[in-house]
Every structure is written in C-alpha cells, then in structure tokens.
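A look at the structure
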Amino acid sequence: MNNAFALNAFEDIPEGYAVFKLIYNETKDRVIDTEYAYVNNQYCKIGRTTPDFFLGKRFTEVYEQAELKWFDYCFEADQEKKTINDIMYSPEIGHWLSFAVGPTSTPGYIAYTFTVVDHEHEEEVMNKQTSFTNNIVLRVSTILSSDQCYHEAMSNALKILSEAVQPDRLYILETDLKTISNTFEWCKDGITSEMDTLQNLSYDEYMLGWEAFLKHDTMVFIPDIEMLKEDYPSDYHILKRQGIYRLIAAPFYHKGKLAGYLGADNFEFSDLINTRIILEMASYFVGVRIANHHMIQKLHHLSQYDGLTGVHNRNALQQRIDELEKTKGTLGVVFADLNGLKAINDLYGHAAGDIALCEVASLLSKQFGNTNIYREGGDEFIVLLPLISKQDFLDAKKNIQRKINETKDYVIATGFAFTEDMSQINETIALADNKMYQDKAEYYRKHDRCKRS
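Note that the structure is predicted; figures quoted are calculated from it, not measured.

**Some points on helix H9 (residues 233–241)**
All of the buried residues along H9 are Asp235, Tyr236, Ile238 and Leu239. Here the buried residues of H9 occupy an arc of 165° about the axis, which is enough to place them on one side. Opposite the packed face of H9, turned more than 90 degrees from it, sit the exposed residues His237 and Arg241. Where H9 is buried, its residues touch helix H7 (203–206) and strand E10 (247–254).

**Some remarks on the state of the cysteines**
Applying the stated rule across the entire model yields zero disulfides. No disulfide involves Cys74; its nearest neighbouring cysteine sulfur is the one of Cys44, lying 18 Å away. Overall, Cys74 belongs to the buried group, its relative accessible area being 2%. Summary of cysteine pairing: Cys149 is not part of a disulfide, and the nearest cysteine sulfur, belonging to Cys187, is at 20 Å.

**Re the packing of helix H13 (residues 350–368) against helix H14 (residues 390–406)**
Interaxial distance between H13 and H14 falls to 11 Å at its minimum, and their mutual angle equals 150°. The orientation of H13 relative to H14 falls into the category roughly antiparallel. You can see that H13 and H14 cross each other, and the crossing is right-handed. For the pair H13 and H14, contact is made by Leu363, Leu364, Gln367 and Phe368 and by Ala396, Asn399, Ile400, Lys403 and Ile404, respectively. The class makeup of the residues in the contact of H13 with H14 is six nonpolar, two polar and one charged.

**As for the pairing of strand E2 (residues 31–39)**
Buried residues dominate E2, accounting for seven of its nine residues. Here strand E1 (residues 16–24) pairs with E2 via seven bridges, running antiparallel. Pairing of Ala18 across the sheet is with Val39, part of E2.

**Remarks on the packing of aromatic side chains**
The full count for this structure, using the stated rule, is 27 aromatic pairs. With a centroid separation of 6.0 Å and an interplanar angle of 65°, the aromatic rings of Tyr24 and Phe75 are classed as edge-to-face. Of this pair, Tyr24 sits in strand E1 while Phe75 is found in helix H4 (residues 69–80), placing the two residues 51 residues apart along the sequence. We classify Tyr24 as buried; its relative accessible area is 16%. Between Tyr43 and Phe114, the ring centres sit 5.5 Å apart and the planes meet at 55°, which makes this aromatic pair tilted. With Tyr43 in helix H1 (residues 41–47) and Phe114 in strand E5 (residues 109–116), the pair connects residues that are 71 residues apart, well separated along the chain. Judged on exposure class, the residue Tyr43 and its partner Phe114 are both buried. One cation-aromatic arrangement involves Lys57 over Phe53; the distance from NZ or CZ to the ring centre is 4.3 Å. One Lys or Arg, Arg246, reaches over the ring of Phe267 and ends 5.6 Å from the middle of that ring.

**Quick word on H13**
An α-helical segment advances 3.6 residues per turn. Residues three or four places apart therefore align on the same side. Counted at 1.5 Å a residue, the expected span for H13 with its 19 residues is 27 Å, and the 27 Å between its end C-alpha atoms agrees. Buried positions along H13 lie against strand E12 (331–339), helix H12 (341–348), strand E13 (373–377), strand E14 (380–386), H14 and strand E15 (411–419). With its phi angle positive at about 95°, Gly369 sits one or two positions after the end of H13.

**Description of the sheet that holds E12**
Spatially, E13-E14-E12-E15 is the arrangement adopted by the four strands of the open sheet, whose pairing is antiparallel. On the outer flanks of this sheet lie E13 and E15, each paired with one strand and no other. Here the strands of the sheet are splayed against their neighbours by 20° on average, with no regard to which way each runs. In this structure, E12 lies alongside E15, joined through nine bridges in antiparallel fashion. Its bridge partner being in E15, Asp337 is matched across the sheet by Ala413. Strand contacts of H13: E12, E13, E14 and E15, with the helix running at about 10° to E14, the strand carrying the most contacts. Running over the sheet, H14 touches E12, E14 and E15 and is turned about 175° from E15.

Definitions and limits used
- Residues numbered from 1 in each chain as written.
- Predicted model: local features only at pLDDT ≥ 70, side-chain atom pairs only at ≥ 80, totals over all residues.
- Heavy atoms only, no water.
- Buried < 20%, exposed > 50% of the residue type's maximum accessible area, 1.4 Å probe, protein only.
- Helix = DSSP H or I, 4+ residues; strand = E, 2+ residues; numbered from the N terminus.
- Arc of directions from axis to C-beta.
- Contact = heavy atoms within 4.5 Å.
- Disulfide = S-S within 2.5 Å.
- Axes fitted to C-alpha atoms, helices over the stretch in contact; angles between N-to-C directions.
- Parallel < 35°, antiparallel > 145°, perpendicular 65-115°, else oblique.
- Left-handed = near helix turned anticlockwise from the far one by under 90°.
- Nonpolar A, V, L, I, M, F, W, Y, C, P; charged D, E, K, R; others polar.
- Pairing = 2+ DSSP bridges.
- Phe/Tyr/Trp six-rings, centres within 6.5 Å; stacked < 30°, edge-to-face > 60°.
- Lys NZ or Arg CZ within 6 Å of the ring centre and 35° of its normal.
- Expected span 1.5 Å × (residues − 1).

Following this line, the structure appears as structure tokens:
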C-alpha cells in the first residue's frame, strides 16, 4: 500500500473518502474488482464499521452483492484520466450516494468521495414524481373535459393512464348499488378482456367487500389478493379467476353517492409516479364525464321519448318525418286512437287512463316494434313503417285489427295508409289520420245507437 494513502490528511474531509487499487482482468479491458487501500473515518461511518474492516480486502469480499457498475466508473476514470461525478443508489449500504471518482498520482489507484444524499434524492424524486403525476392528471382532465365524443374521450383517457400506471388491465366499473358493469377497459397485449363477463353483476356479491376498504382509506388498495382469502372468499375467487394478484381502485361519486370505480390490475410500483394520486384525481374527472354523459342521455331521451308510454314523442316524430321525406321507397302508416279516454279518466281516474294508454302503446310495440311507434299527443299514436312491402303492410293490418278485436278492456280506432313514394309521407299520414277518424266516428255511431236502444 502506498504510504501517501496512510497519511491523515484526508481525515478532516467532511465526506466519505476511499482509495482503491484496481484489479483488471487478463486482457486489461475491464476492472473486475478493487482492493481497499485507504478509507477515512467519514467513509467508515457510512459503512458503520472501522478502517481495519476494509483495508487490504477486496470490494467484493466486503460486499458479496456488490454493484458492478462501481467498477465501470473505476475503469473509465483510470483509462481516461478524468474525474466522474454522478448519483447512484448503493445496495451495499442502502443509501443514495453522490460521488466523484478520479485517478490518483499513483498509477493503478483511483479515489472516491461519497456523500449520502438520501434526503436530497428523495426531494428530487418527489419533485419529479409530482411533476409527472400532475402532467398525467392534466392530460386526462383535458381529454375528459374536451368535446371529443364520449367513448373516444374515455378510451383515450384510459390509454394515457395505462402508459403511466403500467397495469395488465385498466377499467371503469359503474354501479347503481344494485348491479355493477364494466363499461370501459384497456388491456395490455396478451391480456384477455373481461368486459363481457362483468356486466350487470350483483353489486352485493361482487363489490360489497370493496366498501370495507373505503371505511379506512379513500380508495381500494390490495397489494396482495391473498389478504382477501379468509374474510372475503367470494372477492378472492373472482380476482383469482381473472389472474389478478394486485389491484388498486379509486371510487367516484355522483351527488354524494358511489357511482363506480376506476381500477388497475397488476399495476407496476414506480418511483416516477404516485399511482394513488393519479388514479384518485383521474377518477374525479372520470366520474364527472360519466355523470354529464348520463345527464345528456337523459335529456336526449326526454326530448325523444314519451315519459308515460316509453314510445317516441311528437318531437321525435317530426324529426323522423323530415328524414323519411328525403328517402326513396315505400311507406306504411298506421294511425291509432284510444276511444273513450275522457270517460275512463272521469269514471276511474287519470291513473286508469294512463294504464290504458300504456297498454295501447305496448300492443302497438309488440306488433310493429318500439322504434316505429310515436305518441302524437293525447290518445293518438302513429306507426311509421318505411320500406315495407304492400303485402307485408296488409298482413300487419290484419294482425293488428285481430289483436284489437281481441281486446275487451278498451277500444282502439285505427286508420291505415300506404304509399309507394315516401316523399309523400305527410299526405300519407293525413290519409291514415282521416281513416282513423272515420273508424272512430263509426264506433261512436254504433255506441250511441246501443245506448239509445
């Protein structure tokens, strides 16, 4: 050992300092180990031992699981005769180290200085993690708040999240607390989709166990599903069947009520991101977009459907007429009217009248299909049958007349009209309407005659 390394000149250095003799391989193109030539007290404090423990020993002798990258730094510093600065995690002592390595005045020896920077590194990691996490959440929120169509926006949001969280499967579960369904999903290559098997499942059977986690946490975090085996065997077996060994799920709410979860199966742990924060914040924007979508659907339904009978309303009828007027082909029209609705309301109450209207709508829907039925207003219904042949229309006319005649609780007046030219839709509807009124007038003539008799 060179005597220069034995001097106490380096004892006052506030950082760990060590000198190593380099041990090359036979071809001298790689450092395969080092031997301790000198260590100061600060280095010994980092290693929590004394100088005698190190001196004369090889690095791989002191640390059997040595990080071989240290030797690459030694080789570069010795061969290029330069000082290298870097930060690296040392598995030997379990600390992050900021270090400098450079050649000494003695050939074949290099010197290292070390500073433990756990706190500084932790702050740096936290800053990077916060920045990356915020960036992901911002991208997700921007997409979910954009004017992209609903399904495209949700799918794109899951794709961005998948790049950050690195799961096998990322998904959205929606619930009304009675049933639960998987409405959106992203799967890694090679992972089988579970969407078809996760539809309209019993909430109590499939998800109730997750609520236990929310009593003590803001989200469901299961680092190992084996923890469910004894207390929640049903949940355990469902997850096990899907090949899930770890999951995290952030709930989202609507008006204070649980509306679903944003979940990730078999996600990767990473220092680069805060998975919990990403999913928790993203779930908020997911929940808002879902609630808005359902509200728009509800408003659209109200604008297109009759709230009582469930068939299309007058607004939808006019839109459909405008569409069909520009279409070529045949058209059959049925006009139907519930006779005596006022009498039913007066004698038995409006609830009875509502039931009668619903039964008329149901009868027409069973015969012609719900999508073709429109409540024009009050007790009147219109059926539009585009591109139907004349013979099929006549057969349908016979069938519905037979069904009406079999009905004993109420009477329906009907009118039928057919055209080869759908651009004449308004005239055809008017013709069917006129025939319906003729049928209605005939009924009341007979009805009044019976009453007088």
